[in-house]
Amino acid sequence: MAHTPRVSSVPAGTPTDISQGSRTRGGVGESTLRPDGTLKVTGAFAYSSDMWHEDMLWGHTLRSTVAHAEIRSIDIGEAVATPGVHAVLTYDDLPTACKNYGLEIRDTPVLAHGKVRHHGEPVALVCADHPETARRAAAKIKVDYAELPVITDEASATAPGAVLVHESRDDHHIAHVPHPNIVHRQPIVRGDAEAAAQRADVIVRGEYTFGMQDQAFLGPESGLAVPSEDGGVELYVATQWLHSDLRQIAPVLGLPEEKIRMTLSGVGGAFGGREDLSMQIHACLLALRSGKPVKMVYNRFESFFGHVHRHPAKLSYEHGATKDGKLTHMKCRIVLDGGAYASASPAVVGNASSLSVGPYAIEDVDIEALALYSNNPPCGAMRGFGAVQACFAYEAQMDKLAAKLDMDPVTFRQLNAMKRGTLLPTGQPCDSPAPVAELLRLVKARPMPPERQWLAAGGDGRTVDVRALPGGLSNTTHGEGVVRGVGYAVGLKNVGFSEGFDDYSTARVRMEVINGEPVATVHTAMAEVGQGGVTVHAQIARTELGVSQVTIQPADTRVGSAGSTSASRQTYVTGGAVKHSCEAVREELLELGRRKFGSYHPAWATAGLLLEGGKVVTDGGEVLAEVADVLEEEAIDIEREWRHRPTEAFDRRTGQGNGHVQYSFAAHRAVVEVDTELGLVKVIELACAQDVGKALNPLSVLGQIQGGTTQGLGIAVMEEIIVDPKTAKVRNPSFTDYLIPTILDTPAIPVDVLELADDHAPYGLRGVGEAPTLSSTPAVLAAIRNATGLELDRTPVRPEHLTGT
Amino acid sequence: MRVHFTVNGRPQEADDVWEGESLLYVLRERMGLPGSKNACEQGECGSCTVRLDGVPVCSCLVAAGQAEGRGIVTVEGLAAYARHREDIHPGGGCTSGSCGTSLDAARRWQAEPTDGQSGEAGELAPIQQAFIDAGAVQCGFCTPGLLVAADELLESHPSPTDQDIREALSGNLCRCTGYEKILDAVRLAAARQEEAVR
């Protein structure tokens, strides 16, 4: 044996207990702080809109001013002649025959050709030496539109003789939909809902309307494209999935994927709104045409047109129950408006249908969900992805049933709550803990926030602190006409991509000695969009490799795909890939150790050796060697793909199939105060309980739950993109008119976290990000109904709905 | 036009400024200080908040020319500014009538030689550290504006109630956190500030 361990205090062959304090800190389960935190609080973190390049130009998009029209002509003459302008591009300048892109169906034009199908569709591109020059030049482009009638809802989409939004469809859904203006339709039939209805003592029906929500991430769509010497392009961009972007960009540019080098730049939130392309291809086209780096940054107005929104929906539900409170059956029909292009609509339909029952055991169901093509703004992925709309409706139904049976709404839900083993409407058994009744118990058991806090806050028991009242500093009430209400809701969300999608991720892990210390480097293409994946990856590497120093490489396309940062899947799937790669690195390192030092101690031959505190230790805690001595000058560098267990497609006719990977559950209790005179709502508290399987980083988990809860609050009382039903034009594309909750609108959000391990997932974890967005909306609605006695079948609730004006 | 101003305690000038350019654009694209963020450019989200002669403003709504001759503090200069305040008001304590930074003091402030224009200052302002420790940073796009606004709040109200914090930060939108951790961070910074005074 040539090598001799250099561990002076731990001579080879002398087992020593690993000392207290040398355990690796910052591992899985700890509230480790973000590695990018310091950069973000000092302003040094480089977001995609902060990119800068010498000699850089600014790109701008000209967008359609009408929703549905034929384009007769586009005159770019004046724009081209504007001083400072370097390029003006229209459909005719696209370099290849591939002129569309799309996540699943390539139906979205890079630039409008022949026709525009929604308000704000990209028509032409300009780049210039100053952003204002680009904007002004774009305004000089003359587009001659011949307007067409607009399709805005199911009736206009399927009316006899309706104009087809896509006149020649050839996607794989067309053979299975009843009308070409329907993107996708998924029925689910299980048992016999008609027969089961005969057993019901009470039946409730409801028609619900869900408004169009926007992700409203704060960092606008932006990025920098730099032409490279080999004829390719480098793109620095904020996205949710680099490799998905690359697959869509390459054929349009006519470049092999290797010539498009994509690097994730800082992402200012995503929530589903960055799953589709926005400025990616546009910036590359302008850079390749002008031969110069081109930066594009949407302003907030353009951002509302630059990404897809949450599907607005019409939902019709019927539920029955026996007089002792057992659900008999459910029938529902969910109509989602997908807007002008497909985006993620087919998958949203799959989720809306398969999760339409919610976390309840009902054997007999008759379900139909579909998404329309229309001339409304395109809709696609947003946090909760089809499950949000359904949850709003089925939870309203639960309250209606409980009221009709004169039962407590929580007790009624608990009586029907699904458990481990319950079959979903798709016939898939839930094979992990499903603590639905327990989550409801937890939120209900919380002490109630004190009554009339506005009086207490005034100090003397008489004067009120108007800041704590509905209307706040607007001083609209001093408490007269203010009533309190309490509401509950619970929801069911799937984790990961479903219906047979090959939902894998890739991680590259390197282990080497730097300055005498073992250091791990983790390289994935995962988009860090703010959720904290980078924190968790470092924690996983510390846990698996026993090192304290972990470097996270920037995400780019030099490593294999990590899949999308969406569907609550990244900690599960890319976290799983990091774990898997670390395990492979560990095995190789132990093998190296056996070769070098195996003869010094018999424990080297045993299984179950661990890496801990920079040392190789037995499972009994005996130190065998320093990792630095095992590695010396060598580096172990391994890239591995990792997959969770496979899923399968839902049957086209019956909806049966094991389509989902994992489920997550959250419950909310909302306490609201409503000024019944002016219809103003103040949410006092929005308590949440969620099962996260295993909290890899408890601090980040709380941040996700509270953030998701607040987005649900937003859709309940204020958030809606308003589309004119006559013209299909967007009426409120600004933060002045599209309201998201401020810190004054957001109440205290106390959280109970359960950790019931899912045996199938890494560390037993359960995706966290989306579930809290489901139940917070119906909980707030239930509380407002409880306060006012009104039915309230639409979201968001506006003052006029509360005052009848 | 040419604009002269003091940014994070250092005299600066910007040439060829187009008359419609905002202070935000000049800071981000001409001064190389991208810390102030461009989330809405409509004065609605607060992510571009800077201090103009000590007063928090949305820099997207300030025409660059309006900044002529004035002093600006951005998130990049926040740590040095907090240290400077510590020098004139040790512990940040607010005895009646002398809380906050006077206009005059705000104008007179000069950066220390070690002050990082790029945010590489060695030490963080207490509010910056508290945001990290409390988990108040997620995507972080709202963070610079919130930090500038929260720092100003703690300067003038060292022991704010929750209602005070909510009111002071109501012009800063955050889409990720649900604000709970931001409240925690401001409470934490206030508590540490009080601790330091004792």
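Residues numbered from 1 in each chain as written. Chains lettered and ligands numbered in written order. Predicted model: local features only at pLDDT ≥ 70, side-chain atom pairs only at ≥ 80, totals over all residues. Heavy atoms only, no water.

Going by an unreviewed UniProt entry, chain B carries the name 2Fe-2S iron-sulfur cluster binding domain-containing protein and comes from Streptomyces finlayi.

Participant: Would you take a moment to explain the overall build of chain B for this structure?
Facilitator: In terms of regular secondary structure, chain B is built from seven helices and five strands. Going from N to C terminus, chain B has its helices and strands arranged as β-β-α-β-β-β-α-α-α-α-α-α. Of the contacts formed within chain B by residues at least 6 apart in sequence, a portion of 64% connects residues at least 24 apart. Accessible area for chain B stands at about 7300 Å²; split by element, carbon and sulfur atoms hold 49% of it. (Helix = DSSP H or I, 4+ residues; strand = E, 2+ residues; numbered from the N terminus. Contact = heavy atoms within 4.5 Å. Areas by Shrake-Rupley, 256 points an atom, 1.4 Å probe, with all protein chains shown as cover.)

Participant: Help me out: how do you make sense of the overall build of chain A in this one?
Facilitator: Counting secondary structure elements, chain A contains 19 helices and 31 strands. The C-alpha radius of gyration of chain A comes to 28 Å, within 12% of the 28 Å expected for a compact globule of 805 residues. The C-alpha extent of chain A, read off along each of the three principal axes, is 85 × 75 × 65 Å. Counting every position in chain A, which comprises 805 residues, the buried fraction comes to 65%. As displayed, chain A has an accessible area near 27700 Å², and 50% of this comes from carbon and sulfur atoms. Within chain A, one finds 74 positive and 98 negative side-chain charges whose respective centroids are separated by 2 Å. (Rg over C-alpha atoms; globule rule 2.2 N^0.38 Å. Buried < 20%, exposed > 50% of the residue type's maximum accessible area, 1.4 Å probe, protein only. Lys, Arg positive; Asp, Glu negative; His and termini not counted. Charge placed at Lys NZ, Arg CZ, Asp CG, Glu CD.)

Participant: Whenever I open this one, the sheet that holds strand S27 (residues 636-643) of chain A confuses me. Can you help?
Facilitator: By definition, the strands of a sheet pair up through backbone hydrogen bonds, in either a parallel or an antiparallel sense. Residues and elements named next belong to chain A. Read from one edge of the open sheet, four strands run S23-S22-S21-S27, paired in mixed fashion. Looking at strand neighbours, the two that pair on one side only are strand S23 (549-552) and S27, the edges of this open sheet. Each strand axis lies, on average, 20° off the axis of its neighbour in the sheet, ignoring direction. As defined by bridge partners, strand S21 (residues 504-514) adjoins strand S22 (residues 517-523) across seven bridges and the pair is classed as antiparallel. Of the residues in S22, the one forming a bridge with Val513 is Pro518. The strands touched by helix H14 (residues 533-545) within the sheet are S21, S22 and S23, with S23 carrying the most contacts at an inclination of about 140°. Contacts from helix H15 (residues 570-597) reach S21, S22 and S27, with the element oriented near 140° to S27. (Pairing = 2+ DSSP bridges. Axes fitted to C-alpha atoms, helices over the stretch in contact; angles between N-to-C directions.)

Participant: When you look at helix H7 (residues 180-197) of chain B in this model, what are you seeing that I'm missing?
Facilitator: Residues separated by three or four positions in an α-helix point in the same direction, a consequence of the helix having 3.6 residues per turn. In this model H7(B) runs 26 Å from its N-terminal to its C-terminal C-alpha over 18 residues, within 8% of the 26 Å that 1.5 Å per residue would give. All of the buried residues in H7(B) are Glu180(B), Lys181(B), Ile182(B), Leu183(B), Ala185(B), Val186(B), Ala189(B), Ala190(B) and Gln193(B). Contacts from the buried residues of H7(B) go to helix H17 (698-717) of chain A together with helix H4 (126-133), helix H5 (143-156) and helix H6 (162-168) of chain B. (Expected span 1.5 Å × (residues − 1).)

Participant: Where do I start with the interface of chain B and chain A in this structure?
Facilitator: How big an interface is tends to be reported as the loss of accessible area on association of its parts. Across the contact, 53 residues belong to chain B and 66 residues belong to chain A. In total, about 4600 Å² of surface goes out of reach between chain B and chain A, with carbon and sulfur atoms giving 58% of it. The interface formed by chain B and chain A holds six salt bridges in total. Note that Glu29(B) is salt-bridged to Lys295(A), the shortest N-O span being 3.1 Å. Here chain B is connected to chain A by 27 residue pairs in polar contact (both at pLDDT 80 or more). Residues that form the side of chain B that touches chain A fall into these classes: 23 nonpolar, 15 polar and 15 charged. (Buried area = accessible area lost by both parts, 1.4 Å probe. Salt bridge = Lys/Arg side-chain N within 4 Å of Asp/Glu carboxyl O. Polar contact = N/O pair within 3.5 Å; in protein donor to acceptor, adjacent residues only side chain to side chain. Nonpolar A, V, L, I, M, F, W, Y, C, P; charged D, E, K, R; others polar.)

Participant: Would you explain the pairing of strand S28 (residues 662-675) of chain A in this entry?
Facilitator: The two faces of a sheet get side chains in turn, since along a regular strand they alternate between them. Residue and element names in this part refer to chain A. A large share of S28 lies buried, amounting to 14 of its 14 residues. Neither face of S28 is open: one carries Gln662, Ser664, Ala666, His668, Ala670, Val672 and Val674, the other Tyr663, Phe665, Ala667, Arg669, Val671, Glu673 and Asp675, and all of them are buried. Bridge count for strand S20 (residues 482-495) against S28 is 14 bridges, and the pairing is antiparallel. Bridging from a neighbouring strand, Gly491 pairs with Ala666 of S28. Note: S28 against strand S29 (residues 680-691), eleven bridges, orientation antiparallel. Bridging from a neighbouring strand, Val672 pairs with Val683 of S29. The turn linking S28 back onto S29 is made up of four residues, and Gly679 within it adopts a positive phi angle of 75°.

Participant: Explain the nonpolar core here, please?
Facilitator: A general trend in soluble globular proteins is that nonpolar side chains are found buried together. Formed by 91 residues in total, the largest nonpolar core has its most connected members in Tyr317(A), Ile334(A), Phe665(A) and Val780(A). Looking at which element gives the most residues to this core, the answer is helix H10 (residues 387-404) of chain A, with eleven residues. Formed by 57 residues, the second largest nonpolar core is a distinct cluster that contains Phe45(A), Ala39(B), Leu153(B) and Leu183(B). (Core = buried A, V, L, I, M, F, W, Y, C linked by side-chain atoms within 4.5 Å.)

Participant: Just to check I follow, could you spell out the packing of aromatic side chains for this structure?
Facilitator: What describes a pair of aromatic rings is the distance from one ring centre to the other and the angle between the planes of the rings. Residue and element names in this part refer to chain A. Going through the model one piece at a time under the given rule, you end up with 15 aromatic pairs over all chains. On the numbers, 4.8 Å between centres and 70° between planes, the contact of Phe45 with Tyr47 is edge-to-face. Judged by relative accessible area, which is 17%, Phe45 ranks as buried. With a centroid separation of 6.2 Å and 45° between ring planes, the pair formed by Tyr572 and Trp642 is classed as tilted. Note that Tyr572 is positioned in helix H15 and Trp642 in strand S27, a separation of 70 residues in sequence. (Phe/Tyr/Trp six-rings, centres within 6.5 Å; stacked < 30°, edge-to-face > 60°.)

Participant: So what exactly am I meant to see when it comes to the environment of Asp104(B) here?
Facilitator: Note on placement: Asp104(B) falls in helix H3 (residues 103-108). Sequence spacing of Asp104(B) and Gly54(B) is 50 residues, and the spatial spacing of their C-alpha atoms is 9.0 Å.

Participant: Looking at this structure, how should I read the sheet that holds strand S2 (residues 10-14) of chain B?
Facilitator: Residue and element names in this part refer to chain B. In spatial order, the strands read S2-S1-S5-S3-S4; together these five strands make up an open sheet with mixed pairing. This sheet does not close on itself; its edge strands, each paired only once, are S2 and strand S4 (55-58). Looking at each pair of strands side by side, their axes are set apart by 40° on average, direction ignored. Its contacts with the sheet place helix H1 (residues 23-30) against strand S1 (3-7), S2, strand S3 (49-52) and strand S5 (71-73), and it is angled at close to 75° to S1.

Participant: Help me understand the confidence of the model for chain A, please; the structure alone is not making it clear to me.
Facilitator: Do not read the fine detail of predicted coordinates wherever pLDDT is low. Put simply, chain A has an average pLDDT of 95, and 97% of its residues get 70 or more. Low pLDDT, under 50, characterises residues 1-21 of chain A; the stretch is placed with 38 contacts to residues that sit more than four places away or in other chains. (pLDDT = per-residue confidence, 0-100.)

Participant: How should the side chain of His119(A) be read in this particular structure?
Facilitator: Residues and elements named next belong to chain A. Its location among the elements puts His119 in the loop between strand S6 (115-116) and strand S7 (122-128). Within the local environment of His119, its side chain forms a polar contact with the backbone nitrogen of Val730, the two atoms lying 3.0 Å apart. In contact with His119, other than residues within four places in its own chain, are Ser64, Thr65, Val66, Ala67, Phe305, Ala728, Lys729 and Val730.

Participant: Teacher, can you tell me more about the packing of H4(B) against H5(B) here?
Facilitator: Between two packed helices, what matters for the description is the angle formed by their axes and the separation of those axes. Residue and element names in this part refer to chain B. The contact between H4 and H5 brings their axes to 9 Å, and the two run at 125°. On the basis of their axis angle, the class for H4 and H5 is oblique. Once H4 is placed against H5, the crossing between them reads as right-handed. Facing H4, whose interface residues are Ile127, Gln128 and Phe131, H5 presents Thr143, Leu146, Leu147, Ala150, Asp151 and Leu154. Grouping the amino acids of the contact of H4 with H5 by side-chain chemistry returns six nonpolar, two polar and one charged. (Parallel < 35°, antiparallel > 145°, perpendicular 65-115°, else oblique. Left-handed = near helix turned anticlockwise from the far one by under 90°.)

Participant: Looking at this structure, I do not really get unusual backbone geometry. What am I missing?
Facilitator: Among all residues except glycine, the phi angle is most often negative; among peptide bonds, the trans geometry is most common. Residues and elements named next belong to chain A. The residue after Thr795, namely Pro796, is reached through a cis peptide bond having omega -5°. Residue placement: Pro796 occurs in the loop between strand S31 (794-795) and helix H19 (799-803). The phi angle at Ala216 is positive, at roughly 50°, despite the residue not being glycine. Tracing the backbone through its elements, the reader meets Ala216 in the loop between strand S10 (202-210) and strand S11 (222-227). Taking the relative accessible area as the measure of exposure, Ala216 reaches 0% and is therefore buried.

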